[in-house]
Amino acid sequence: AAAAMGSVETFPLVHPADTNGYNGVYIYLDEVGMLKKLPSNKRATAIASMCGFYPPPNFYGDVFVGRVKSKPVLANVGFNKDKDMDPGSEWIKRATS
């Protein structure tokens, strides 16, 4: 019964901080994806690994990667799937440091 519902959970890849202009990057996922027997999301796991999570967590089902700016007010910020998902992008470099 619990798996039938579920809601969106956030997994922080980068926390907003003064050193990164208060930008945070998160994976948004189904919190009960594993209970729903959704397929493993190897790409999301690889993204977490690029960000320094070892061992990386397992994600299940579809995910959404997004950026927010937490100051002066919380707001969504554009995220380019080609440029921003490059392993050499600035936010990924900061995530691992």
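Shown above is the structure to which this text applies.
*Asks:* Sorry, what's going on with the sheet that holds strand β4 (residues 75–77) here?
*Replies:* The strands making up a sheet associate through backbone hydrogen bonding, with each pair oriented either parallel or antiparallel. Pairing within the open sheet is antiparallel, and its four strands lie in the order β1-β2-β3-β4. Edge positions in the open sheet fall to β1 (8–14) and β4, since each of these has one partner strand only. Across the sheet, the mean angle separating the axes of adjacent strands is 45° when strand polarity is ignored. Pairing analysis gives seven bridges linking strand β2 (residues 23–30) to strand β3 (residues 63–69), with the strands arranged antiparallel. Residue pairing across strands places Ile 27 opposite Val 65, the latter belonging to β3.

*Asks:* I keep staring at the pattern of salt bridges and nothing clicks. Help me out?
*Replies:* Pairing between side chains of opposite charge can happen when the charged atoms of each approach one another. Scanning the model with the defined rule gives four salt bridges in all. Linking Arg 67 and Asp 84 is a salt bridge whose minimum nitrogen-to-oxygen distance equals 2.7 Å. Of this pair, Arg 67 sits in strand β3 while Asp 84 sits in the loop between β4 and α2 (90–96), placing them 17 residues apart in sequence. Across this residue pair, the class does not change: Arg 67 and Asp 84 are buried.

*Asks:* Sorry, what's going on with the environment of Asn 20 here?
*Replies:* One can find Asn 20 in the loop between β1 and β2. As for Asn 20 and Arg 43, which are separated by 23 residues in sequence, their C-alpha atoms are 25 Å apart. Other than its neighbours up to four places away in sequence, Asn 20 contacts Val 14, His 15 and Arg 94. Only 2.9 Å separates the side chain of Asn 20 from the backbone oxygen of Asn 23, close enough to count as a polar contact.

*Asks:* Looking at this structure, how should I read unusual backbone geometry?
*Replies:* Of all residues except glycine, most have a negative phi; of all peptide bonds, most are trans. The linkage connecting Tyr 54 with the following residue, Pro 55, adopts the cis geometry, with an omega of -5°. In this structure, Pro 55 sits in the loop between α1 (42–50) and β3. A cis amide bond, omega 5°, links Lys 71 with the succeeding residue Pro 72. Position of Pro 72 among the secondary structure elements: in the loop between β3 and β4. With a phi angle near 60°, Tyr 22 is a residue other than glycine that sits in the positive phi range.

*Asks:* Looking at this structure, how should I read the nonpolar core?
*Replies:* A general trend in soluble globular proteins is that nonpolar side chains are found buried together. Counting 15 residues, the largest nonpolar core has Leu 13, Ile 27, Phe 59 and Trp 91 as its most contacted members. Contributing elements (two or more residues each) for this core: β1, β2, α1 and α2. Sequence-distant contacts of Trp 91, defined by excluding residues within four places in its chain, comprise Leu 13, Val 14, Val 25, Ile 47, Cys 51, Arg 67, Phe 79, Asp 84 and Met 85.

Cut-offs used in this document
Residues numbered from 1 in each chain as written. Predicted model: local features only at pLDDT ≥ 70, side-chain atom pairs only at ≥ 80, totals over all residues. Heavy atoms only, no water. Pairing = 2+ DSSP bridges. Helix = DSSP H or I, 4+ residues; strand = E, 2+ residues; numbered from the N terminus. Axes fitted to C-alpha atoms, helices over the stretch in contact; angles between N-to-C directions. Salt bridge = Lys/Arg side-chain N within 4 Å of Asp/Glu carboxyl O. Buried < 20%, exposed > 50% of the residue type's maximum accessible area, 1.4 Å probe, protein only. Contact = heavy atoms within 4.5 Å. Polar contact = N/O pair within 3.5 Å; in protein donor to acceptor, adjacent residues only side chain to side chain. Core = buried A, V, L, I, M, F, W, Y, C linked by side-chain atoms within 4.5 Å.

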